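# Observations on chain architecture
These are the residues of each chain, in order.
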Amino acid sequence: MRADAERNRALIGAAALRLFSRHGADVSMERIAREAGVAVGTLYRHFPDRNALVHAIAADTLRDLLAHALEAAGRDEPRLRTLLEIVEYCTRLPLALVAALTATPVADPEVVELQREVDALLEQVIGQAQEEGDLRQDLTAGEIVTLVKVMVCRANARPDDPLTVVILAGLAP
């Protein structure tokens with residue numbers, strides 16, 4: 001992709017995220033193009049319809065999360081610290097919005113695969129934290145992944161949010 005096309009795609013994605021966050025998913029494609037500072041034709045060249053735009057935003061967000069999680073998991077440090085860093089990073093991403101936007105019966109295969117990769121990595125880190133004795137043994141890694149998703153996919157999720165603090169404290173052995 002040419003540099004200007006890549007820049008336009010990024011501008012469109014960022015504008016869509018801002019507008020979806022403020023006004024919901026029904027924002028017109030024309031308004032998104034205006035917010036991004038591009039022509040409507042440019043928007044449609046990159047994203048033929050709203051679903052393509054939404055799924056691209058979801059895939060970009062999950063790719064970002066996966067890259068950060070892989071980097072964190074590659075460090076030689078206690079797995080609980082790795083998990084907490086990933087959770088904290090999740091709170092900076094628009095995961096609540098992405099979850100709401102992609103809650104459709106027909107999911108994009110790339111988004112499904114990225115979500116599977118993120119889940120598998122989290123389960124691995126959680127399993128290692130359990131082996132190290134830092135997380136409860138009576139919950140499966142899958143159950144903890146579900147708790148983490150519920151925790152970070154809330155609007156305004158933050159590491160110091162009372163619900164986040166309670167959930168994380170409840171995972172201690």
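For the structure itself, look to the data block above.
Per chain, the residues get numbers from 1 upward, laid out in the order the sequence is written. At least 70 in pLDDT is required for a residue's local features to be given in this predicted model, at least 80 for side-chain atom pairs to be given and counted, and no such filter applies to totals for whole chains, interfaces and linings, which use all residues. Water and hydrogen atoms were dropped before computing side-chain values, which therefore reflect all heavy atoms in the structure.

### Here's the deal with the overall build of the chain
A run of DSSP states H or I qualifies as a helix once it reaches four residues; a run of E qualifies as a strand once it reaches two. Both are numbered from the N-terminal end. What the chain contains, in helices and strands, is nine helices and zero strands. Beginning at the N terminus, the succession of helices and strands in the chain can be written as α-α-α-α-α-α-α-α-α. Viewed in the frame of its principal axes, the chain has a C-alpha envelope of about 55 × 30 × 30 Å. Accessibility here uses a 1.4 Å probe with only protein chains present; expressed as a share of the type maximum, an area under 20% marks a residue as buried, one over 50% as exposed, and anything in between as partly exposed. Within the chain, buried positions represent 40% of all 173 residues. Contacts: residue pairs with any heavy atoms within 4.5 Å of one another. When contacts within the chain are restricted to residue pairs at least 6 apart in sequence, long-range pairs at least 24 apart make up 63% of them. Areas reported here follow the Shrake-Rupley algorithm with a probe of radius 1.4 Å; residue values treat only the protein chains shown as occluding. In the structure as shown, the chain presents an accessible area of about 9200 Å², 55% of it carried by carbon and sulfur atoms. Working convention for charge: Lys and Arg count positive, Asp and Glu count negative, and His plus the chain ends are omitted. Charge placement uses NZ in Lys and CZ in Arg. For Asp and Glu, CG and CD serve respectively. Across the chain, the mean location of the 19 positive side-chain charges is 8 Å away from that of the 26 negative side-chain charges.

### Some thoughts on the environment of Leu93
Tracing the chain through its elements places Leu93 in the loop between helix H5 (79–90) and helix H6 (95–101). Residue class for Leu93 comes out buried when judged on its relative accessible area of 14%. The sequence separation of Leu93 and Thr146 amounts to 53 residues, and the corresponding C-alpha distance is 17 Å. Discounting residues that sit within four places of it in the chain, Leu93 has contacts with Thr61, Asp64 and Leu65.

### A short note on the packing of helix H4 (residues 50–73) against helix H7 (residues 109–131)
Running from N to C, H4 and H7 point in directions that differ by 25 degrees, and their axes come no closer than 9 Å. As judged from the angle between their axes, H4 and H7 are roughly parallel. Helix-helix and strand crossings are classified by hand; for H4 and H7 the assignment is left-handed. Each of His55, Ala58, Ala59, Leu62, Arg63, Leu65, Leu66, Ala69, Leu70 and Ala73 in H4 lies in contact with H7, whose residues at this interface are Glu110, Val111, Leu114, Gln115, Glu117, Val118, Leu121 and Val125. Nonpolar residues are Ala, Val, Leu, Ile, Met, Phe, Trp, Tyr, Cys and Pro. Charged residues are Asp, Glu, Lys and Arg, and all others, Gly as well, are polar. The residue inventory of the contact of H4 with H7, partitioned by class, reads 13 nonpolar, two polar and three charged. Axes here refer to lines fitted to C-alpha atoms; in helices the fit is confined to the stretch in contact. Angles between the N-to-C directions go from 0 to 180 degrees. For classification purposes, angles smaller than 35 degrees are called roughly parallel, those larger than 145 roughly antiparallel, those between 65 and 115 roughly perpendicular, and all remaining angles oblique. Each crossing gets its hand from how the near helix is turned against the far one by less than a right angle, where anticlockwise is left-handed and clockwise is right-handed.

### Looking at the state of the cysteines
Any cysteine sulfur atom paired with another within 2.5 Å is treated as part of a disulfide. Across all of its chains, the model carries zero disulfides by this definition. Among the cysteines around Cys90, which has no disulfide bond, Cys153 carries the closest sulfur, lying 7.8 Å off. Judged by its relative accessible area of 30%, Cys153 falls in the partly exposed class.

### Re the packing of helix H1 (residues 3–23) against helix H2 (residues 29–36)
Axis separation between H1 and H2 bottoms out at 8 Å; the angle between their running directions is 120 degrees. Judged by the inter-axis angle, H1 sits oblique to H2. For H1 against H2, the interelement crossing comes out right-handed. Counting all contacts with H1, which are made through Leu11, Ile12, Ala15, Ala16, Arg18, Leu19, Phe20, Arg22 and His23, the residues of H2 involved are Arg31, Ile32, Glu35 and Ala36. Classifying every residue of the contact of H1 with H2 by side-chain character gives eight nonpolar, one polar and four charged.

None of the figures reported here should be taken as evidence of function without further support.
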